[in-house]
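Residue-level structural notes
If you want the building blocks of each chain, they are given just below.
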Amino acid sequence: MKEKFSLKDELYNPQKVEMIASEINEVYPFFKAENFSTETLEKFTKLELKERIYHIRDMLHKYLPSDYEEAVSILLIALPPELDPSKSDDDFGDFIYAPYSEYVTAYGCNEEHLNFSLQALREITKRFSVEFAIRDFINNYPTQTLAMLEACAKSENYHERRLASEGLRIKLPWAKKLTIEYREPLRHLELLYTDSTRYVTRSVANHLNDIAKIDAPLVIETLKRWKKSKKQEPKEMDFIIRHALRTLVKKGNEDALLMLGYSKNPPIKVKDVRLHTPSIKVGETLAFEVEIVAHNDVMIMVDYVVHFQTKSGKLSPKVHKLKKLELLKGETIVLKKKHPFKANMSTRTLYAGEHLLEVQINGTIVHRTSFDLKV
């Protein structure tokens, strides 16, 4: 039987711990690498992913010199070379270095070590992003940290530039909440939206998508101004716009749809929606098809919404993409979809009962039907 994949074991395992112990020992001979590895790994089986990060951080604190700046200087010297500057995307580095930035946050987020710590984070982020660790500094020392991140936005290193957006995201998943006003980082994004690196522009778009959840008009206005400036390549600007507006599009925001070329009330007729599986079991698929007729040439974005039963008996909607297409006048198209209801999903627990399926075109619900799920 194939072993179940474990992310925590993939990212934090004996080989990785022994690797950083060896790297530190090489630049600091007084570091007891074997003792550090043994004591660190003793608790690993009982710890989840984030707990392993904090545990390694605490073990580093135990085995490194008590002087904070001396200890961090050792970690910085022990770091591997910077990530390949010739790449432009998907170069996250090695997660085993996350405890280094957590060390800086835990023991150096104070006035005495502020400048040293901020510079240390700039070095670490060139090996593994410090987007989580930087947030304590933003909250406690906003003026100094925002100035540092502005310098990062102007850096030649694209990992530093990405940090200037990603670290300031107001709704960064799994991250500590920021206390600064959400408009504050816009000045950083103004420096970054013209970037030539997708790793950076994706972060800028994600950042705007976060803001769109609380201030849609600001995001629409910003994107229109950026597009009008023509400072970014048209293809990349289109990517930023699409990615930044994805939540607003799912919600049927008319301004967002118009910016992407979709009218709120397209000249179409939904001729038929056929649900082939009105009752399914966990492990089976929900099968349906949609037949659409175009009265004029038109661009449409077809989504479907599954309203899942929750433990409390309420329905929780989730929007899924189906198809983006251009239809000619008089053209008919049939879109088919099979949506799996997998057992043991990591993102959702499935509950028995009546569920709801909605078909949405250009942000407007055009059909609604129920189906039954048996667990």
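Since the structure is predicted, the reported quantities are computational estimates derived from the model, not experimental observations.

**A word on the overall build of the protein**
The helix and strand inventory of the protein stands at 16 helices and 8 strands. Counting only C-alpha atoms and orienting by the principal axes, one finds that the protein spans roughly 75 × 55 × 35 Å. Taken over 375 residues, the protein has a buried fraction of 51%. Restricting the contact set of the protein to residue pairs at least 6 apart, pairs at least 24 apart contribute 68%.

**Re the nonpolar core**
Core analysis: the biggest nonpolar cluster contains 87 residues, and F36, L223 and L245 have the highest contact counts within it. Among the elements that make up this core, the one with the highest residue count is helix α12 (residues 198-212) (7 residues). Formed by 26 residues, the second largest nonpolar core is a distinct cluster that contains V273, V290, I300 and F308.

**Describing the pattern of salt bridges**
Tallied over the full model, the rule gives 30 salt bridges. Between E123 and K126 there is a salt bridge; the shortest N-O distance is 3.1 Å. Its relative accessible area of 29% is what places E123 among the partly exposed residues. Notably, a salt bridge pairs R225 with E190, separated by 2.8 Å at the nearest N-O pair. A residue pair is termed long-range when its members are at least 10 positions apart, and R225 in helix α13 (residues 216-229) and E190 in helix α11 (residues 186-192) qualify at 35 residues. Given a relative accessible area of 37%, R225 falls into the partly exposed group. E190 sits in the partly exposed class, given a relative accessible area of 29%. Salt bridges sharing common partners tie together E82, R122, E123, K126, R127 and E160.

**A short note on the sheet that holds strand β7 (residues 353-361)**
The 5 strands are arranged β2-β8-β7-β4-β5 in an open sheet whose pairing can be described as mixed. Every interior strand has two partners, whereas the edge strands, β2 (279-281) and β5 (315-327), have only one. Averaged over all adjacent pairs, the angle separating strand axes in this sheet is 25°, with direction ignored. Looking at chain direction, strand β4 (residues 298-309) and β5 are connected through 12 bridges and run antiparallel. Within the sheet, the bridge partner assigned to V298 lies in β5 and is L327.

**Here's the deal with the state of the cysteines**
A complete count under the given rule lists 0 disulfides for this structure. C109 forms no disulfide, and the closest cysteine sulfur to it belongs to C152, at a distance of 16 Å.

**Quick notes on unusual backbone geometry**
For W174, which is not glycine, the phi dihedral falls at a positive 65°. Residue position: W174 is located in the loop between α10 (158-166) and α11. Here N362, not a glycine, exhibits a phi torsion of approximately 50°, which is positive. If you trace the backbone, N362 turns up in the loop between β7 and β8 (364-374).

**Looking at a positive patch on the surface**
Among the surface-exposed residues, K171, K177, K213 and K251 lie close enough to one another that they form a single positively charged patch. Among the secondary structure elements, K213 is positioned in the loop between α12 and α13.

**Re the packing of helix α7 (residues 114-124) against helix α9 (residues 142-153)**
Relative to each other, α7 and α9 sit at 30°, their axes nearing to 11 Å. When the axes of α7 and α9 are compared, the crossing they make is right-handed. Judged by residue contacts, L114, L118 and R122 of α7 engage Q144, T145, M148, A151 and C152 from α9. Residue classes in the contact of α7 with α9 are distributed as 5 nonpolar, 2 polar and 1 charged.

**Things to note about the packing of aromatic side chains**
Enumeration over the complete set of coordinates arrives at 14 aromatic pairs. Pairing F31 with F36 gives two aromatic rings, centres 5.2 Å apart and planes at 50°, and the pair type is tilted. Exposure class is identical for F31 and F36. Each is buried. Relative to F116, the ring of Y68 has its centre 6.0 Å away and its plane inclined at 75°; by these criteria the two rings are edge-to-face. Separated by 48 residues along the polypeptide, Y68 in helix α5 (residues 68-78) and F116 in helix α7 bring together distant segments of the chain.

**Some words on the pairing of β7**
Most of β7 is tucked away, with 8 of its 9 residues classed as buried. As defined by bridge partners, β7 adjoins β8 across 9 bridges and the pair is classed as antiparallel. Bridging across to β8, Q360 finds its partner in I365. Here β7 folds back onto β8, and the loop between the two strands holds 2 residues, one of which, N362, carries a positive phi near 50°.

**Let's talk about α13**
For α13, which comprises 14 residues, the first-to-last C-alpha distance of 20 Å matches the rise-based estimate of 20 Å (1.5 Å per residue) to within 8%. Along α13, the positions that sit buried rather than exposed are A216, L218, V219, I220, T222, L223 and W226. The secondary structure elements touched by the buried residues of α13 are α11, α12, α14 (234-244), α15 (246-250) and α16 (254-259). Sitting at the amino-terminal end of α13 is D215, which places a side-chain oxygen 3.2 Å from the backbone nitrogen of L218. Of the residues one or two after α13, K230 is the one with positive phi, at around 60°.

About the thresholds
- Residue positions are counted from 1 within each chain, in the order its sequence is given.
- In keeping with the model being predicted, local features are shown solely for residues with a pLDDT of at least 70 and side-chain atom pairs are shown and tallied solely at 80 or more, while totals for entire chains, interfaces and linings include all residues.
- The side-chain numbers reported here are obtained from all heavy atoms of the structure, hydrogens and water having been left aside.
- The helix and strand labels rest on DSSP assignments: H or I over at least four residues marks a helix, E over at least two residues marks a strand, and numbering proceeds from the N terminus.
- Note on classification: 1.4 Å probe, protein chains only; a residue is buried when its accessible area is under 20% of the maximum for its type, exposed when over 50%, partly exposed between these limits.
- For this analysis, residues touch if any pair of their heavy atoms sits within 4.5 Å.
- The nonpolar core is taken to be a set of buried Ala, Val, Leu, Ile, Met, Phe, Trp, Tyr and Cys residues, with the residues joined through side-chain atoms within 4.5 Å.
- Just to be clear on terms, a salt bridge is a Lys or Arg side-chain nitrogen sitting within 4 Å of an Asp or Glu carboxyl oxygen.
- Strands qualify as paired when DSSP identifies two bridges or more between them.
- As a rule, the C-alpha atoms of each element are fitted with a line to give its axis, helices using only the stretch in contact, and angles between N-to-C directions run from 0 to 180 degrees.
- In this description, a disulfide is simply a cysteine sulfur pair whose atoms lie within 2.5 Å.
- Without a salt bridge and with relative accessible area above 30%, a residue can belong to a patch; like charges are then joined within 9 Å and nonpolar side chains (Val, Leu, Ile, Met, Phe, Trp, Tyr) within 5 Å.
- Accessibility throughout is a Shrake-Rupley quantity obtained with a 1.4 Å probe, and a residue counts as covered only by protein chains that appear here.
- Neither His nor the chain ends is counted toward charge; the positive residues are Lys and Arg and the negative residues Asp and Glu.
- Throughout, a charge is located at the NZ atom of Lys, the CZ atom of Arg, the CG atom of Asp or the CD atom of Glu.
- Should the near helix be turned anticlockwise from the far one by less than a right angle, the crossing is left-handed, and should it be turned clockwise, the crossing is right-handed.
- Three classes are used, and their members are as follows: Ala, Val, Leu, Ile, Met, Phe, Trp, Tyr, Cys and Pro are nonpolar, Asp, Glu, Lys and Arg are charged, and the others, Gly among them, are polar.
- Two aromatic rings, drawn from Phe, Tyr or Trp (for Trp, its six-membered ring), form a pair once their centres lie within 6.5 Å of each other, and the interplanar angle then sorts them: stacked below 30 degrees, edge-to-face above 60, tilted otherwise.
- Expected helix span is taken as 1.5 Å per residue step, with the number of steps being one fewer than the number of residues.
- Between N or O atoms, a polar contact is any pair within 3.5 Å; within protein, one atom must be a potential hydrogen donor and the other a potential acceptor, and residues adjacent in sequence are included only when both atoms are from side chains.

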